[in-house]
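# Commentary on secondary and tertiary structure
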Amino acid sequence: ERLQAKDSKKEDLALKHEKQRKSLQAAREIKMGEHAAKVEQQRTAIQAEQEELRKAHQDKMDASARNRANNIERIREKAAAEGEKVKEIALRKECAEERKVSFR
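The notes below deal with the structure included here. (Residues numbered from 1 in each chain as written. Predicted model: local features only at pLDDT ≥ 70, side-chain atom pairs only at ≥ 80, totals over all residues. Heavy atoms only, no water.)

### Let's talk about the overall build of the protein
Our working definition: Runs of H or I in DSSP of at least four residues are treated as helices and runs of E of at least two as strands, each being numbered from the N terminus. The size measure is the radius of gyration over C-alpha atoms, and the globule rule it meets is 2.2 Å times the number of residues to the 0.38 power. Exposure categories follow from relative accessible area, calculated using a 1.4 Å probe and restricted to protein chains: below 20% of the type maximum is buried, above 50% is exposed, and the middle band is partly exposed. Only the protein chains shown count as covering a residue, and every accessible area follows the Shrake-Rupley method with a 1.4 Å probe. His residues and chain termini do not enter the charge count, which takes Lys and Arg as positive and Asp and Glu as negative. Charge placement uses NZ in Lys and CZ in Arg. For Asp and Glu, CG and CD serve respectively.
Summing up its helical and strand segments, the protein has one helix and zero strands in all. Relative to the compact-globule value of 13 Å for 104 residues, the protein shows a C-alpha radius of gyration of 44 Å, a clear excess of over 25%. For the protein, the C-alpha atoms occupy an extent of roughly 150 × 10 × 5 Å along the three principal directions. Relative to its 104 residues, the protein shows a buried fraction of 0%. Roughly 10,400 Å² of accessible area belongs to the protein as shown, and the carbon and sulfur atoms make up 56% of that amount. The distance from the centre of the 27 positive side-chain charges to the centre of the 21 negative ones in the protein is 4 Å.

### Quick word on the pattern of salt bridges
To keep things clear, this is the line we draw: Salt bridge, as applied in this entry: a Lys or Arg side-chain nitrogen positioned within 4 Å of an Asp or Glu carboxyl oxygen.
Under the definition given, this model contains six salt bridges. A salt bridge links Arg54 to Glu51, with the shortest nitrogen-to-oxygen separation between them at 2.7 Å. Taken together, the residues span about one helical turn, with Arg54 and Glu51 both in helix α1 (residues 2–103) at a distance of three residues. Take Arg54: its relative accessible area is 46%, and that puts it in the partly exposed class. In this structure Glu51 comes out as partly exposed when scored by relative accessible area, which is 42%.

### Observations concerning the environment of Gln25
In this fold, Gln25 is placed in helix α1. By relative accessible area, Gln25 is classed as partly exposed at 33%. For the pair formed by Gln25 and Asn71, sequence separation is 46 residues and the distance between their alpha carbons is 68 Å.

### Some thoughts on the environment of Glu1
Checked against the element boundaries, Glu1 lands in the segment before α1. Taking relative accessible area as the criterion, Glu1 reaches 84% and is therefore assigned exposed. Taking C-alpha positions, Glu1 is 74 Å from Glu51, a pair spaced 50 residues apart along the chain.

Written as structure tokens, this is what we have:
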């Protein structure tokens with residue numbers, strides 16, 4: 001009986017040990033899963049922030065390109081207006097010269 005009791009006690013301890021080992025393993029797996037979920041959440045947040053920064057940079061580049069295009073257009077308009085003034089002045093001079101010649 002004593003040997004049987006010892007064997008029974010050993011089996012009980014072995015079962016408790018196995019149960020505890022399984023419980024710890026399950027806890028590790030849960031913790032790993034929680035950690036993996038946290039890492040995934042952080043990765044997603046970083047990706048979202050990177051996308052937001054990329055979009056802000058692209059918007060800035062687009063605005064800069066629009067400003068350059070508008071500046072070039074204003075310069076062209078100003079140059080065209082100046083060109084018209086130069087043509088008009090040259091025409092007036094030419095007319096004045098013709099008048100001088102015709103009065104002589």
